[in-house]
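# Working through the structure, step by step
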Amino acid sequence: MSPWRVVAAQVVAGALCAAVAWAIGQRSGAAWSALYGAAAMVLPNALLARGMTRRLSSNPGAAVLGFMFWELVKIAVAVAMLVAAPRVVPDLSWPALLVAMIVCAKVNWLALLWQRRPVDETNKRV
């Protein structure tokens, strides 16, 4: 499964969270907070996906080191975005931001469930 499909699913989930935050709260601060929370998950994950798919190494040790490096970059970017949130988002709503982050994080599991299953040629009906 492509990591870009997971990132795309997170983008959709983040947009839905922002729409729900707007519908429930009727204030733009909650919607912007939810969008920023989604971005705090999606952008670091996109960086990780880009770093991991850019150059595939046949050396297992190099692959593990590459993964560890990009995972560290992902965590650092996410933490930096959360630290900057009060200055970036006017009328910040921490609950909306955190709920959007949690939803985007849990989309990874849904994306795995939605992946296409291989067709078993032996069980096809004619």
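Residues numbered from 1 in each chain as written. Predicted model: local features only at pLDDT ≥ 70, side-chain atom pairs only at ≥ 80, totals over all residues. Heavy atoms only, no water.

## Observations concerning the environment of L112
Within the secondary structure, L112 sits in helix α4 (residues 94–114). As for L112 and R5, which are separated by 107 residues in sequence, their C-alpha atoms are 9.7 Å apart. (Helix = DSSP H or I, 4+ residues; strand = E, 2+ residues; numbered from the N terminus.)

## Here we look at the pattern of salt bridges
Applying the stated rule across the entire model yields one salt bridge. Put simply, E71 and K74 hold a salt bridge, and the shortest N to O gap is 3.5 Å. Of this pair, E71 and K74 both sit in helix α3 (residues 60–88), separated by three residues, roughly a single helical turn. (Salt bridge = Lys/Arg side-chain N within 4 Å of Asp/Glu carboxyl O.)

## Things to note about helix α1 (residues 3–25)
The end-to-end C-alpha distance of α1, which contains 23 residues, comes to 33 Å, matching closely the 33 Å that a straight helix rising 1.5 Å per residue would cover. Of the positions making up α1, those classed as buried are V6, V7, A9, Q10, A13, G14, C17, A18 and A21. Those residues of α1 hidden inside the fold are in contact with α2 (28–54) and α4. Measuring from the backbone nitrogen of W4 back to the side-chain oxygen at the start of α1 gives 3.1 Å, which picks out S2 as the cap. The positive-phi residue at the C-terminal boundary of α1 is Q26, with phi of around 55°. (Expected span 1.5 Å × (residues − 1). Buried < 20%, exposed > 50% of the residue type's maximum accessible area, 1.4 Å probe, protein only. Contact = heavy atoms within 4.5 Å. Polar contact = N/O pair within 3.5 Å; in protein donor to acceptor, adjacent residues only side chain to side chain.)

## Let's talk about the nonpolar core
Residues Y36, A38, A40, M41, M81, A85, V89, L97, M101 and C104 constitute the largest nonpolar core, which totals ten residues. Listed by contribution, the elements that provide at least two residues to this core are α2, α3 and α4. Here this core takes four residues from α2, the largest share from any one element. Setting aside residues up to four positions removed in sequence, M101 forms contacts with G37, A40, M41 and L82. Judged by nonpolar contacts, the second largest core, of seven residues, contains C17, A18, A34 and A100. (Core = buried A, V, L, I, M, F, W, Y, C linked by side-chain atoms within 4.5 Å.)

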